Amino acid sequence: MYFKKMFYLKQACVFTISLVISLYAPLSGSSLDGTSGIIVKNQNHVFHNGDSAQGFVRLGGGFTVRASSTGTLDIVTSVSGPIDLRDSGKLQLLKDIELDSSVTLSSGGFILGRGRALVLNGPLTIPAAKTLVISSDTVIEGKGNSLTFGRDSNFLVDTNATLTLRNLKVITSDRPASTPWVGLGGLHSRLCLDNVEVMLFNDTSFFGGELYIHNDVKITGTSGFIYNSFSPCFVAQKSRLYFDIGTTFSFAPPTTDNTLFVLQDRTSTLHLNGCSFKTTATGMRITKGNLIFENKVILDTNTSLSISGLSLVANATEGTGLYSSKWSPNGRYIASAGTGFSLNVHEFINTNSLRLIASGGTGSSSTQPGGEVSWNPSGNSVAVIFQSPGGGTRQLEVFSFTGTALTKITERDYGTFPFTVDWHPNGVTLAIGGFGPAAANSGFATTTETRIYNFDGSNLLPVTGQGAGASSLIKTVAWSPNGNYLAIGGQDLKSGGGFLNNDQLRIYSFNGSTLTTVTSQPYGPPGLVGGGEIAALAWSPDGTRLALTGVTAAAVGGFASAFDTRVYGFDGTNLTALAGDNIFVGGNYTGRGIAWDPSGTFLIVGGGTGTGFRGLYLFTGSSLIRVAYPNPDTRIFDADWRPDGKFIVQAENTGGSGGNNLLVYKLNFLSWPTAQQTASNGLIFGNGSLGASSNLHVEVLGSAHVTIKGVVSDDSV
């Protein structure tokens, strides 16, 4: 027995010596290799780009991933202490990682889960105004703990990525409706809720991707969950989506498809307990599963929203030549750029004032427009087009944005006149267009007017490009919501026509490495003077419609010549004329701004000179009905819709007159019953045309009281 104790003591001594050596042995770079010994790091560890920790590595003091760098965890022990991703750092998981109860987050950043999980052993808070971008499939396993979102903080799920929240209580905290706690970056971004309670403190919208419900998912609190996505919501087998007393479930997809709420089979359930349930004129059809009413439930299927007017709520002075203004993805900031001043970022405070919080960039001395901005989907980077002082090199610049400061990361020259830039939904790829491209420091030939770059966090890397023809000017580029297509529009600068086939509108497909022409349409006659010019493009949220505005249109593409603002339908192959209007009244300038609201129902269009107008339109599917005007002014060059659909920012080029030219308008909404509502766009139970297998089982509990406003019908057999 004595020798046995000595043997264990000897083992313990050897183990301690080995541990000390592991702590102080030289390491390669900032990587930690615990595959041959145990490493304990009780100080915060810094990962440089490409560094990793693997094996028996204990990060007891937390860790930091440097800005724009990637750190990889492949460890079998837990993590304690603070985690800092510096807003642009990337954390890659090769194993499920346990986070101790002491873990805190101090910043946003990127999570590359690769199908692995972050396992919470205590509550976790996402700091206020920070975004965690989910770049590949990631699981947050809560083990019954809470996940709290600070004000304006959220997850953003990249295109084709899935975020799974499991065994969690989600607390959204007080936040503006413009900042949903989860944002989805594309049609095929997915959020899976598995045995989760979501406590709402404010109305929140779900838009952009797919929602999956597994096991028991409860919506609690006193606010509304608004389903604005054009992709389906699935309730899986033996699963229940439950709305508690005081909540509201609003089904408002920006399409005419009323079948986007899917109960998978007879074991799937929608449970409404003392809540309100609303649909828009789209209606809703529920089949196969169970619908349970408990306590007092209000079914309101007879409500539509319209806009009765606009009210100016905030403004700022941006030099004498403002050309672009864009909302950040969370709706908290506005980036603006133009002639004679640097890139600026304003914070929109309490929905009634603007505060300049950051400036950057080289500015422009040219009198020509050339200052378009574009946010990346996570809101931590801004791309901007500049013409350098003195009329020298024209360039594309990318800035990081921390919420308080702008820092230039990289740039690329373009040539004579860069004009437009748009960030791809993947947050990596950028499209740029202009006139007279050069080869120096661009990575492209001089004949390539449309250029595609990938941003790797440090550099802009050339990917592919397309030429539009001699003497062509690309004035606007726009990625489709799913990133599969790029639309370009512009102007022929010579009388014989410069664009290929004289089509000023062109759509390319994009597979990540090449652009391939899909279809095109003419807009107006060629020529700089008196020629047709497409100045702005905007895809509808579901990617099925393309709106454009310009000047000097012709009777082409299925439209009359009077229609300078046009809406096309797009089926992936062809463009079909849907609706148009004449917004441009006089002068030789036209607006560069056109934008859909998040529902795809309303369209804001910028326009003209002092005799010109711009307007806000209701799109009915076959016509544009003008419903409101901001106060007419000179040279409205940009207009953008806040992600919550409640505010519009406009960039006014004052032409040297000074004054406030960055303007924020509040939309005044008006609700009224839908006069044309029928059974087809009300609330429908079952689908008789598909047989009894599509019947809906409706159960009204003994304590229930159901109030119906509108049309509810049973189509079961």
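Residues numbered from 1 in each chain as written. Predicted model: local features only at pLDDT ≥ 70, side-chain atom pairs only at ≥ 80, totals over all residues. Heavy atoms only, no water.

A. Expanded view of the sheet that holds strand 42 (residues 429–437). Strand order in the open sheet made by the four strands is 41-42-43-44, with antiparallel pairing throughout. What marks the edges here is a single partner per strand, and that holds for strand 41 (415–423) and strand 44 (460–466). Going across the sheet, the axis of each strand differs from the next one's by a mean of 30°, ignoring polarity. Sheet topology places strand 41 next to strand 42; seven bridges connect them, and they run antiparallel. (Pairing = 2+ DSSP bridges. Helix = DSSP H or I, 4+ residues; strand = E, 2+ residues; numbered from the N terminus. Axes fitted to C-alpha atoms, helices over the stretch in contact; angles between N-to-C directions.)

B. Spatial organisation of the pattern of salt bridges. Under the definition given, this model contains 14 salt bridges. The partner of Arg 166 in a salt bridge is Asp 194, with the nearest N and O atoms 3.5 Å apart. In this pair, Arg 166 sits in strand 17 (residues 162–171) while Asp 194 sits in strand 19 (residues 190–200), placing the two residues 28 residues apart along the sequence. Residue classification places Arg 166 among the partly exposed positions, given a relative accessible area of 30%. (Salt bridge = Lys/Arg side-chain N within 4 Å of Asp/Glu carboxyl O. Buried < 20%, exposed > 50% of the residue type's maximum accessible area, 1.4 Å probe, protein only.)

C. A look at a nonpolar patch on the surface. A surface patch of nonpolar side chains, about 260 Å² in accessible area, is lined by Ile 38, Phe 56 and Val 76. Note on placement: Ile 38 falls in strand 1 (residues 32–41). Exposure remark for Ile 38: the relative accessible area of 34% places this residue in the partly exposed category. (Patch = residues over 30% accessible without salt bridge, like charges linked within 9 Å, V, L, I, M, F, W, Y side chains within 5 Å. Areas by Shrake-Rupley, 256 points an atom, 1.4 Å probe, with all protein chains shown as cover.)

D. Spotlight on the pairing of strand 54 (residues 602–605). Here strand 54 shows no split at all, with Phe 602 and Ile 604 on one side and Leu 603 and Val 605 on the other all buried. Linking strand 53 (residues 594–596) to strand 54, which pair antiparallel, is a turn of five residues; within it Gly 600 sits at a positive phi near 75°. Here strand 54 pairs with strand 55 (residues 615–619) via four bridges, running antiparallel. Within strand 55, the residue paired with Leu 603 across the bridge is Tyr 617.

E. Looking closely at the packing of aromatic side chains. All told, the structure shown has 24 aromatic pairs when counted by the stated rule. Clustering of aromatic rings is evident, with ring pairs tying together Phe 206, Phe 225, Tyr 227, Phe 243, Phe 249, Phe 251, Phe 261 and Phe 277. We note Arg 451 situated over the ring of Tyr 414; from NZ or CZ to the ring centre the distance is 4.9 Å. (Phe/Tyr/Trp six-rings, centres within 6.5 Å; stacked < 30°, edge-to-face > 60°. Lys NZ or Arg CZ within 6 Å of the ring centre and 35° of its normal.)

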